Structure formats: structure tokens, C-alpha cells
Amino acid sequence: MSKKKNKTKPTPQATPANPYRKIVLILNPLVLVVLAACIYAGLPLEAIVSLGVVGYGIWGYLFFKARRVDRENLGH
């Protein structure tokens, strides 16, 4: 009879902290709350749309930057 080899799972390596990821997690709901407050305050639609475009534009930029940092840290 042949002996079975012990199969070990690879241990996950610690990745450096990604500051962009934390900012993105906070910024997305923050933009939503600001937009909801603007709607409740009765701001003109043009102002609300422009705040949404700027807010989510910044969020999208930081989101893709965070993904790039994650990819570089994981080596893909």
C-alpha cells in the first residue's frame, strides 16, 4: 500500500493595508447621505446631479486605484 501524502493548504500571506480601500468604503455611503440631504433640502436638480457626478466620480477614481493596489499586492 502506498502512503498518502499530507495535503496542506497554503497559508494566506498578510497583505499590506490599503488606505484607498478604507476611504472608498466610507465615501460611498457618505455621498449617498449628502445627496439625500440635498434632495430633502430642496436644492435644484442641477445642483444635485452635479454633486452626484463629482462625488461618485471621485469615488470611482479611488475605487479603481484601490483595486490596482490590491492587484499589485497580490501579484496578479
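It should be noted that the structure appears before, not after, this text.
Here is what the cut-offs are and how they apply
Residues numbered from 1 in each chain as written. Predicted model: local features only at pLDDT ≥ 70, side-chain atom pairs only at ≥ 80, totals over all residues. Heavy atoms only, no water. Salt bridge = Lys/Arg side-chain N within 4 Å of Asp/Glu carboxyl O. Helix = DSSP H or I, 4+ residues; strand = E, 2+ residues; numbered from the N terminus. Core = buried A, V, L, I, M, F, W, Y, C linked by side-chain atoms within 4.5 Å. Buried < 20%, exposed > 50% of the residue type's maximum accessible area, 1.4 Å probe, protein only. Contact = heavy atoms within 4.5 Å. Phe/Tyr/Trp six-rings, centres within 6.5 Å; stacked < 30°, edge-to-face > 60°. Polar contact = N/O pair within 3.5 Å; in protein donor to acceptor, adjacent residues only side chain to side chain. Patch = residues over 30% accessible without salt bridge, like charges linked within 9 Å, V, L, I, M, F, W, Y side chains within 5 Å. Areas by Shrake-Rupley, 256 points an atom, 1.4 Å probe, with all protein chains shown as cover. Expected span 1.5 Å × (residues − 1).

Student: With reference to specific residues and values, describe the pattern of salt bridges.
Tutor: For the structure shown, the criterion picks out one salt bridge. Where Asp 70 meets Arg 21, a salt bridge forms, and the shortest distance between an N and an O atom there is 2.3 Å. Of this pair, Asp 70 sits in helix α2 (residues 45-74) while Arg 21 is found in helix α1 (residues 19-41), placing the two residues 49 residues apart along the sequence.

Student: Outline the nonpolar core, supporting the account with residue identities and numerical values.
Tutor: Membership of the largest hydrophobic core is limited to seven residues, which are Val 24, Leu 27, Val 31, Leu 35, Cys 38, Ile 48 and Leu 62. Mapped onto this core, the elements with two or more residues apiece are α1 and α2. Counting residues per element, this core draws most heavily on α1, at five residues. Apart from residues lying up to four places away in sequence, Leu 35 is in contact with Ile 48, Leu 51, Gly 52 and Tyr 56.

Student: Requested: an account of the packing of aromatic side chains, with residues and values cited.
Tutor: Here the structure, examined in full by the defined rule, presents three aromatic pairs. With a centroid separation of 6.4 Å and an interplanar angle of 85 degrees, the aromatic rings of Tyr 56 and Trp 59 are classed as edge-to-face. One end of the pair, Tyr 56, and the other, Trp 59, are both in helix α2, three residues apart, so they sit about a helical turn from each other. Look at Trp 59 and Phe 63: their rings are 5.2 Å apart centre to centre, the planes differ by 15 degrees, and that puts the pair in the stacked class. Within this pair, Trp 59 and its partner Phe 63 are both found in helix α2, separated by four residues, close to a single helical turn. For Trp 59, a relative accessible area of 22% gives the class partly exposed. By the ring-pair criterion, three or more aromatic residues cluster together here, those being Tyr 56, Trp 59, Phe 63 and Phe 64.

Student: Hey, could you go over the side chain of Asn 18 for me, with residue numbers and the actual values?
Tutor: Along the polypeptide, Asn 18 turns up in the segment before α1. Reaching out from Asn 18, the side chain makes a polar contact with the backbone oxygen of Ala 66 at a distance of 3.0 Å.

Student: Before we move on, can you summarise a nonpolar patch on the surface with the specific residues and values?
Tutor: Taken together, the side chains of Leu 30, Val 34, Leu 43 and Leu 51 make up a nonpolar region of the molecular surface, amounting to roughly 310 Å² of accessible area. Summarising the element assignment, Leu 43 is placed in the loop between α1 and α2. Leu 43 gets classed as partly exposed once you look at its relative accessible area, which sits at 35%.

Student: A description of α1 should follow, citing residues and the corresponding values.
Tutor: With 23 residues, α1 extends 33 Å from end C-alpha to end C-alpha; this agrees with the ideal 33 Å at 1.5 Å per step. Taken together, the buried positions of α1 are occupied by Val 24, Leu 27, Val 31, Leu 35 and Cys 38. One or two residues past the end of α1 sits Gly 42, with phi positive at roughly 85 degrees.

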